[in-house]
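Residues per chain, in single letters:
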Amino acid sequence: MDKLVGLTQRLQELDTEHEDEELHRAEVADDFECEIESMEAADDIEDELQKDASYIHTSEPSSASSSDPGPAATKKQKLVLADLAKNIEKASEHVIVPGTLNEYRNLWKTFTLFCIAFGFIEASQNNDAFWTSLPAVLPTWIAAWIMSKADDIDLITGEEKELANTDRVTYARAQKMRASISHKFGREYKRGTQLWTESPIAPGVFMGNPSLSVVVSEYMISLRRRKVRTGEVVTSARAMDQATMKRLWTFNLSYPREAETRPLKRGDQHSAKWAGYKTRQMLQLLYITSMTCLLRFEEALRIMWSDVEFTERNGCPVVVLSLPFRKTHQVGDIQPFVLYPDDDRPWMCPVTAWARWWEICQEMHVEQYGFVFRSRRNGSDEVSVLAESQMSSQTFLKCFRNNMADIGIDPRPYGTHSFRRGGCQYLHTELRWPMQQICDWGGWAEDFDNPTTIFRYLLSWVDKGSMHREDYMNPNRPGADPCTRCNRTCHCA
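Since the structure is predicted, the reported quantities are computational estimates derived from the model, not experimental observations.

A. Highlighting the side chain of Lys184. Considering the arrangement of structural elements, one finds Lys184 in helix α8 (residues 171–188). Setting aside its immediate chain neighbours within four residues, Lys184 contacts Trp108 and Tyr189.

Dropping the structure here:
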C-alpha cells in the first residue's frame, strides 16, 4: 500500500469530503446494498432467461390450467448425493449468460496479470488455492486495479496522467470490473454476498467477498463523484413511472380470479402463473404505498396493520399511515402519511388499493393484525394467517421482477430505490409539488441545505425522458395529457 501513492491519495480525498462520519458510513452501506442487489438481480434474471427464453413477455394471462404430467414425468429416480452436487454446480455455471461469463473471466485474468505485474503476487501463486486464502490486502489490490484503468491520476505517483494517455474507462466499465470480482469470489469461490470482515477469533484472517469491502466501496464512491464532476453520466436504478404503474395495475387487476385456491404447478413460477389475483393485489398495494409515500420497499414490507388507520376527513375516506420506523428517522418523530383517494388515477390510488387488500384478507380469513404484507402459503395464492409471517425482501424482489416480465419490461434496470425515486418524480412532475414539500413528505426536510439526494432521485440518465430534446422550445409541440382538474393540455399546466 505504501507505494500506491495515488490510491492512498484518492481514499484520503474521500475522507476529507466526509466531515460527518455517520453520513460516510451510510454512503458505504448504500454502496454495499447496491452491489449486493446488482449481484442477486443478475443471477436471478439470467437464471430465469436460461430456463425460459420468453421469460420477459407481453402475453395476457390465460385461465387455462396446465395439463398434469404423465407417469414418466412423475416417476422418482435414485440420486447419488455427490452426483447431484456436481450436476447443480455444472448447471450453475450458466446462471450468467455465456457472453457475460466470458467477459468476467477475461476481466479476472486481467486482474491477476495486473497483480503479477505490480509485484503483489508471484506468477506461481496465481491459482485458486492462493486466491481462496483471501489475503488481507486483497481489497486494496482490487481498488488499485480499477484505479489503474478508470482514474485520471497515476496509481504510483499520484500525479495527473498525461493527456496522451487518456484511454480511461467509464464508471460503467469500472462497475463491470468490480462485478467480475464479485462474481469470482461470490459464485465460483462460494463467498456469496457476505461483507468482507476480519475473523473475530483469528486476527489477520478475513472472511467474505473482498469486493464488498470498505476499501473498494470507498474508492468506487470517490470515483463516481469525480466522474460526475467531469460530466460523465453515471447509471443508477431506474425510477418507476406512472405509465409503468398503470400497466402493472391493468395487468394485475384483470388477472383471472380463481373461484377457489388452485395449487400452482411446478413450472408456473416461470410463466404468468407464478402468482394469482390475490398475491398480485398485495403487490400492487405495496407498489402504490412505496411510491406515494416515498418508501424503500424494505420499509413498506415492515408495515403492520396497527400502523394503518381507515378514517374520514371532511366526509372523504382516507388512510392514515403512521410508521414507527424510517431509515431517515432513526430516533422516531415520524410524521404520518395521510392518503386520499385519486379517482383520476386509479392505478395510483392508495385508498382503493388498501380497501381492496383489506377485503381480500377478510375473504382469506386473515385477521388484521401483524404484518400487512405476508409470505405466501406453499403451493397456493393465499398468504399466511400467521401475524409474524412477513414477506421477505428476496421474495418481494422475485415477485416484482416476475410482474415486470409479465408486461414485457426488462426488470434489470430497476432496484431498491426505484419506487422512492419514481415517487419523487411523480409528485414533482405529475402533481406539481414544490421541492420543499417533497422533502418534507419524504423526510428530507432537515437535509434541504444539501439537496444532492433529492436531485439524484429526480433525475438520472437511465430514466425514460418524457419529451424529445428538439421539442423543448417548440411552441407547436404536441400537447401533454389533459390536466384532470382544468383539462389544459399545455406543458405548463
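B. Looking closely at the packing of helix α11 (residues 277–292) against helix α13 (residues 350–363). As a packed pair, α11 and α13 sit with axes 9 Å apart at the nearest point and diverge in direction by 150°. Considering only the axes of α11 and α13, their crossing is left-handed. Residue-level contacts link Tyr277, Lys278, Gln281, Met282, Leu285, Ile288, Thr289 and Thr292 of α11 to Pro350, Ala353, Trp354, Arg356, Trp357 and Ile360 of α13. Residue composition of the contact of α11 with α13, grouped by class: nine nonpolar, three polar and two charged.

C. Broad picture of the pairing of strand β4 (residues 316–321). Where strand β3 (residues 308–313) and β4 come together, six bridges link them in antiparallel fashion. The residue bridging Thr311 from the neighbouring strand is Val318, located in β4. Hairpin remark: β3 followed by β4, antiparallel, with two residues in the connecting loop; positive phi at Asn314, about 55°. Direction of pairing for β4 relative to strand β5 (residues 337–339): antiparallel, over a ladder of three bridges. Paired with Leu321 across the strands is Phe337, a residue of β5.

D. Looking closely at unusual backbone geometry. In this structure, Leu294 is a non-glycine residue whose phi angle is positive, near 55°. Its place among the elements puts Leu294 in the loop between α11 and α12 (297–300). With relative accessibility at 0%, the residue Leu294 sits in the buried group. In the Ramachandran plot, Arg432 falls in the positive-phi region, its phi being about 65° despite a non-glycine side chain. Assignment of secondary structure puts Arg432 in the loop between α15 (418–430) and α16 (435–442).

E. Fine view of the packing of aromatic side chains. For the coordinates displayed, the defined rule picks out 27 aromatic pairs. When the ring of Phe400 is compared with that of Phe419, the centres are 5.3 Å apart and the planes differ by 55°; the resulting orientation is tilted. Residue Phe400 is located in helix α14 (residues 393–406), and its partner Phe419 is located in helix α15; the two are separated by 19 residues in the primary sequence. Side by side, Phe400 and Phe419 carry an identical accessibility label, which is buried.

Cut-offs applied
- Residues numbered from 1 in each chain as written.
- Predicted model: local features only at pLDDT ≥ 70, side-chain atom pairs only at ≥ 80, totals over all residues.
- Heavy atoms only, no water.
- Helix = DSSP H or I, 4+ residues; strand = E, 2+ residues; numbered from the N terminus.
- Contact = heavy atoms within 4.5 Å.
- Axes fitted to C-alpha atoms, helices over the stretch in contact; angles between N-to-C directions.
- Left-handed = near helix turned anticlockwise from the far one by under 90°.
- Nonpolar A, V, L, I, M, F, W, Y, C, P; charged D, E, K, R; others polar.
- Pairing = 2+ DSSP bridges.
- Buried < 20%, exposed > 50% of the residue type's maximum accessible area, 1.4 Å probe, protein only.
- Phe/Tyr/Trp six-rings, centres within 6.5 Å; stacked < 30°, edge-to-face > 60°.

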